[in-house]
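Observations on the three-dimensional arrangement
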Amino acid sequence: MKPTLPLVTIVVPCYNEQEVLKDTITQLSSVLDDLRKEELISASSKILFVDDGSKDRTWSLIAMESTINSYVTGLKLSCNVGHQKALLAGLEKAKSKSDCVISIDADLQDDISVIRSFILKYHEGDEIVYGVRDSRETDTFFKRNTALCFYRLMQKLNINLIYNHADYRLMSKRAIEELSRYKEADLFLRGIVPLIGFKSSKVTYSRKERLAGETKYPLKKMVSFAFNGLTSFSVFPIRAFTLLGCLLFLISVMTGSYAFIQKLLGNTSTGWTSLIISIWLLGAIQLISIGVVGEYIGKIFIEVKKRPPYAVDIDLYTERLGMSTFAEESLLTKEEFN
Ligand code: UDP
Ligand code: MG
């Protein structure tokens, strides 16, 4: 008897991606076609687009295409929750019907030709396959170097990140089930996935330019993502300030002794400059320390509320035929789509 072929779902989070969507659908469908012909995946494999509260025609395009392309299916979130949560929504939805799930960005900056290698690795028994960029030449000088510093810092802090891996990866059903047991609200998937610890491997590829449109990760989002990653996995920032406090205490004991001896010898000066400098320096350090402590208290605050990370509005994945009225209304005519 022939072994059953794995049902693969490619999960694609989308936020205002109307410019790239058509190309993305064509390219991913042809990858699935090829893999089907090679008998590497099941014919029921799917592409699940997760619309993360887009304000443009993204959802209309997904809903329209799902009626004409049997691979395409969609999940519409009620509002914009960010890439990580949208991705989690897709993974959790897809795991119910899939043997393995591949996550990829809508702009296809990640090389889709390595999807075949992902599947081959899955057939060899790997449960997590990481897509790793071999270079960052298409990134700006700034992005390239800040990313490098970030990875180095995380490595120094013993945080297990896969160097140059973003969220382009294959995960087996079992790995996603384990991932679902991580209940934290502040998601940093690329830090959590290596913690799952099943048999894994890496596949390298070179990252391309965005197909069209512009990045949905401006500097502000990027910095907050990196900071989230750091504070979600390490108490180093808080410890660093404790160490600094100890060091300052030692220095103050020494300077205090010196000042006391000078006073006994009758050499005291007015000391205005050093006083002012100390007040400002200590004030700044105290403020930063309070800020860092506050950051962790903020995290505790968010975590204890245990809010669900997303809400599904329309689910074409589970119920392909029972489309809600909104989805039907939002369908474009074929002419409009083309
Ligand atoms: N994205 C999302 N929600 C957001 C921002 C981005 O689902 O709030 C999606 C976006 O549509 C894309 C992926 O996340 O599929 C990565 O975004 P982008 O390619 O703009 O990031 P970059 O590659 O520039 O870091
Ligand atoms: Mg991109």
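In what follows, the structure referred to is the one given above.
Residues numbered from 1 in each chain as written. Chains lettered and ligands numbered in written order. Predicted model: local features only at pLDDT ≥ 70, side-chain atom pairs only at ≥ 80, totals over all residues. Heavy atoms only, no water.

1. Quick look at the coordination of the magnesium ion (ligand 2)
Which entries qualify depends on this criterion: Each metal's donors comprise the N, O and S atoms found within 2.8 Å of it (within 3.2 Å for Na, K or Ca). Water is not part of the atom list, so some coordination spheres may appear incomplete. Each residue gets one of three labels from its accessible area relative to the maximum for its type: buried under 20%, exposed over 50%, partly exposed in between, using a 1.4 Å probe on protein chains only.
For the magnesium ion (ligand 2), the protein coordination sphere consists of Asp107 (OD) and Gln109 (OE1), at 1.9 to 2.1 Å. Note on Asp107: relative accessible area 4%, which makes it buried. By relative accessible area, which is 12% here, Gln109 ends up buried.

2. Section: the site of ligand 1
Filter applied, for reference: For this purpose, a residue is taken to be near a molecule or strand whenever a single non-hydrogen atom of the residue falls within 4 Å of it. Between N or O atoms, a polar contact is any pair within 3.5 Å; within protein, one atom must be a potential hydrogen donor and the other a potential acceptor, and residues adjacent in sequence are included only when both atoms are from side chains. Working definition of accessibility: Shrake-Rupley area with a 1.4 Å probe, residue cover restricted to the visible protein chains.
In the vicinity of ligand 1, 19 residues are found, and the nearest of them are Glu17, Asp52, Asp107, Thr215 and Lys216. Contact distances for ligand 1 include 3.0 Å between an oxygen atom and a side-chain N or O atom of Lys143. Contact between ligand 1 and Thr215: an oxygen atom at 2.4 Å from a side-chain N or O atom of the residue. Compared with its free state, where it exposes 540 Å², ligand 1 has 95% of that area covered by protein.

3. Focus on the sheet that holds strand S4 (residues 100-103)
Rules: When DSSP finds two or more bridges between a pair of strands, those strands are recorded as paired. Labels follow the DSSP assignment, with helices taken as runs of H or I lasting at least four residues and strands as runs of E lasting at least two, numbered in each case from the N terminus. Every axis corresponds to a line fitted to the C-alpha atoms, with the helix fit spanning only the stretch in contact, and the corresponding angles, defined between N-to-C directions, vary from 0 to 180 degrees.
Taken in spatial order, the eight strands of this open sheet run S7-S5-S6-S4-S1-S2-S3-S8, and their pairing is mixed. Either end of the sheet is taken by a strand with one partner, and the two such strands are strand S7 (200-205) and strand S8 (312-315). Shown here is a sheet whose adjacent strand axes are inclined to one another by a mean of 20°, direction ignored. Bridging between strand S5 (residues 128-133) and strand S6 (residues 165-172) involves four bridges; their strand directions are antiparallel.

4. Details of the pairing of strand S1 (residues 8-14)
Taking burial as the measure, the seven residues of S1 include seven buried ones, the bulk of the element. In S1, alternate side chains face the same way, and those of Val8, Ile10, Val12 and Cys14 on one face and Thr9, Val11 and Pro13 on the other are all buried. Relative to S4, S1 runs parallel, the two being bridged by four bridges. Of the residues in S4, the one forming a bridge with Val8 is Cys100. Two strands pair when backbone bridges link them, and S1 and strand S2 (residues 46-51) are joined in this way by six bridges, in the parallel orientation. When the bridges of S2 are listed, Thr9 appears paired with Lys46.

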